[in-house]
Amino acid sequence: MLSALQTQLKTQLKTRLWLPLAMSAALLTGCGGSSDDSNDQTTATSSFISMDLPDSLTGGTATANQTLSITSAVTAQAGGDVPCAYIGVEDDDPFRNGYQMTKFMVSAVATWSCIADLLIEVAEAQIVPHDGVIHETDNDTTAVNYDPDDPTHFSITADSDSQTTIRLYYGYDRETPPQLGADPQFYVSWSENTDAEYEGRLIINSSEIDPEGRAADDPTWARMDFHFTATEKVADMFLRFDEGNQWAEGFRIRMTKDLTVTALSQVFTAQGKIDMKGQFIPVDGVDVLPTLDMFTVSDKFGNGGAVADFVDVTLPLQISETSHLGNYLFTKVDKYVFDLDGDPDWINKSFSAATYEGGRTTPATGGTALNPSLDMIAGYLLLDTTYFDNNCNAIETDCVNFLNALFDFDGDNWGQEPNFGTEPENWRSTAIASPDYLNSIYPNGTDWTGAFDFTFTPTLVQ
């Protein structure tokens, strides 16, 4: 019953709606290789801006299989393994549930906060002079072990008594090194005041770091702003995509740690937003763009809740070569309350809006088990057999009951996790009942103008 439609829909959801949102795992996870073994993982000797995120939110640290050259580039000696690789999502579907989605977002922020921490530590240790001179690293473009993912040159400048900037350059040979004033490919600048308040910015031009090795749909730019005080720590990460990515314009992740609350309350908050420039599965006659908002809360130990809000997503339902169940435009809210092990306490996924947008060719009656008709489909879904005659039968009519029944059919939930448990009615479910979504993917709220200029002007008062 409905097996052809079920198989087709599973495939669409897996390959078209979820996998493209994985974006660039290499950029999001940052540094090092990954491994499930973290027993020998070291930690940074100082923690300036890292948020001490619980393993349940990041997936845990992964043993780095290589030296982090970003850090060793600005030291006088090669470093060892560094704790900036996080496992994150362990399968290929970061939006399978709220817990996976949370690890997908949080592990990215944890990685780049860690990298910024290590660079700050190296710079403040005064291992190399803060003279603004561009120095060579050990990564020689003519060497057999040259790695295009590692910097070839670097510089550190003391911009003031409180501000320091590190610039890393990639792909330059020894004969034609970067000149003073040249834009780096990796930039981090920060300032600290006498109250130990940190403020800074990290910018990466990923399109010029190993350009031959990047995929067309990888992010071209990344930026992370951080501002840490005695009451909260905030890291705001922005990813930009170019025309090579046919779905996404940009992705923003904002992570906040509240330092004023108890450990068993809402300590961590993660907000995510993806701006789209096309539907995952385009439908003729529907030109609206979808949006995806994410919101996660957690206590200090990793017990939390998450919600993902998919708005104005198109879904064509082709049963066979001759039978099309129609095109739909839906809004779907996925709520997920989890414990510190990632196990669900409550799952609630439902369509809050769904309209029929045309294209239906499935006959009203006379179908077969392999090619069912509308009356058979309605019966399989425990709807009235005349449902498609009286409901969900004209352009922009309400089809919420149909899609909810379709995704619950036979308990399979079309490859996604089925609804589970009872709402706990505690601070976790209360927080995700009224999520605070980001209002823009852009640092200035409007567009990318100036977003990736290699400059940073602190606002801290000394």
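Up top is the structure these notes are about.
Residues numbered from 1 in each chain as written. Predicted model: local features only at pLDDT ≥ 70, side-chain atom pairs only at ≥ 80, totals over all residues. Heavy atoms only, no water.

**Q** When you look at a nonpolar patch on the surface in this model, what are you seeing that I'm missing?
**A** Where nonpolar side chains cluster on the molecular surface, the patch consists of Leu264, Phe301 and Leu340 and spans about 300 Å² of accessible area. Residue position: Phe301 is located in the loop between strand S10 (291–298) and strand S11 (304–318). (Patch = residues over 30% accessible without salt bridge, like charges linked within 9 Å, V, L, I, M, F, W, Y side chains within 5 Å. Areas by Shrake-Rupley, 256 points an atom, 1.4 Å probe, with all protein chains shown as cover. Salt bridge = Lys/Arg side-chain N within 4 Å of Asp/Glu carboxyl O. Helix = DSSP H or I, 4+ residues; strand = E, 2+ residues; numbered from the N terminus.)

**Q** Would you take a moment to explain the packing of aromatic side chains for this structure?
**A** Taken as a whole and judged by the stated rule, the model has 17 aromatic pairs. Pairwise contacts between aromatic rings join Tyr187, Trp221, Tyr442, Trp448, Phe452 and Phe454 into one cluster. Here the basic side chain of Lys332 rests over the ring of Phe351, its NZ or CZ set 5.6 Å away from the ring centre. (Phe/Tyr/Trp six-rings, centres within 6.5 Å; stacked < 30°, edge-to-face > 60°. Lys NZ or Arg CZ within 6 Å of the ring centre and 35° of its normal.)

**Q** What exactly am I supposed to notice about helix H5 (residues 98–124) here?
**A** One full turn of an α-helix is made of 3.6 residues, so residues set three or four places apart face in the same direction. Look at H5: 38 Å from first C-alpha to last across 27 residues, which is about the 39 Å you get at 1.5 Å a residue. Among the 27 residues of H5, 26 are classified as buried, and the element is accordingly described as predominantly covered. Among the residues trailing H5, Gln126 stands out with phi positive, at a value near 60 degrees. (Expected span 1.5 Å × (residues − 1). Buried < 20%, exposed > 50% of the residue type's maximum accessible area, 1.4 Å probe, protein only.)

**Q** Looking at this structure, I do not really get the nonpolar core. What am I missing?
**A** Soluble globular proteins tend to bury their nonpolar side chains together. The biggest cluster of nonpolar side chains holds 90 residues, and the ones touching the most others in it are Phe186, Phe251, Met294, Tyr328, Phe402 and Leu403. With 16 residues, the top contributor of residues to this core is H5. Leaving out residues up to four positions away in the same chain, Leu403 has contacts with Leu315, Leu317, Tyr328, Phe330, Phe351 and Ala354. If you look at the next biggest cluster of nonpolar residues, it comprises 11 residues, including Trp221, Phe238, Ala451 and Phe456. (Core = buried A, V, L, I, M, F, W, Y, C linked by side-chain atoms within 4.5 Å. Contact = heavy atoms within 4.5 Å.)

**Q** Even after reading the chapter, I still don't get the pairing of strand S13 (residues 344–356), so can you show me in this structure?
**A** Both faces of the sheet carry side chains from a regular strand, because those side chains alternate between them. Inspection of the sheet shows strand S12 (residues 324–338) paired to S13 by 11 bridges, in the antiparallel sense. Each residue of the ladder has a partner; that of Val337, found in S13, is Trp346. Connecting the antiparallel pair S12 and S13 is a turn made up of five residues, with Gly342 showing a positive phi of about 90 degrees. In terms of strand pairing, S13 meets strand S14 (residues 420–421) through two bridges, oriented antiparallel. Its bridge partner being in S14, Ile347 is matched across the sheet by Phe420. (Pairing = 2+ DSSP bridges.)

**Q** I keep staring at the pattern of salt bridges and nothing clicks. Help me out?
**A** Across all of its chains, the model carries eight salt bridges by this definition. With a closest N to O distance of 2.7 Å, Asp236 and Arg252 form a salt bridge. With a gap of 16 residues between them, Asp236 in strand S7 (residues 232–240) and Arg252 in strand S8 (residues 248–258) connect regions that are remote in the sequence. Take Asp236 and Arg252: they sit in the same class, and that class is buried. Of the charged contacts, one joins Asp236 and Arg254 as a salt bridge, the two residues approaching to 3.7 Å between their closest N and O atoms. Of the two residues, Asp236 sits in strand S7 while Arg254 sits in strand S8, which places them 18 residues apart along the sequence. Given the relative accessible area of 9%, Asp236 is considered buried. A relative accessible area of 26% places Arg254 in the partly exposed class.

**Q** What exactly am I supposed to notice about the side chain of Asn303 here?
**A** Its place among the elements puts Asn303 in the loop between S10 and S11. At 2.8 Å, the side chain of Asn303 forms a polar contact with the backbone nitrogen of Leu340. If we skip the residues at most four places from it in the chain, Asn303 touches Val297, Ser298, Phe338, Asp339, Leu340, Trp427 and Arg428. (Polar contact = N/O pair within 3.5 Å; in protein donor to acceptor, adjacent residues only side chain to side chain.)

**Q** What exactly am I supposed to notice about unusual backbone geometry here?
**A** Excluding glycine, a negative phi dihedral is what most residues carry, and trans is how most peptide bonds are arranged. One non-glycine residue with positive phi stands out, namely Asp52, at about 55 degrees. In this structure, Asp52 sits in the loop between helix H2 (25–29) and helix H3 (55–58). For Leu382, which is not a glycine, the phi torsion comes out positive at approximately 60 degrees. Relative accessible area serves as the criterion here: at 77%, Leu382 is assigned to the exposed category.

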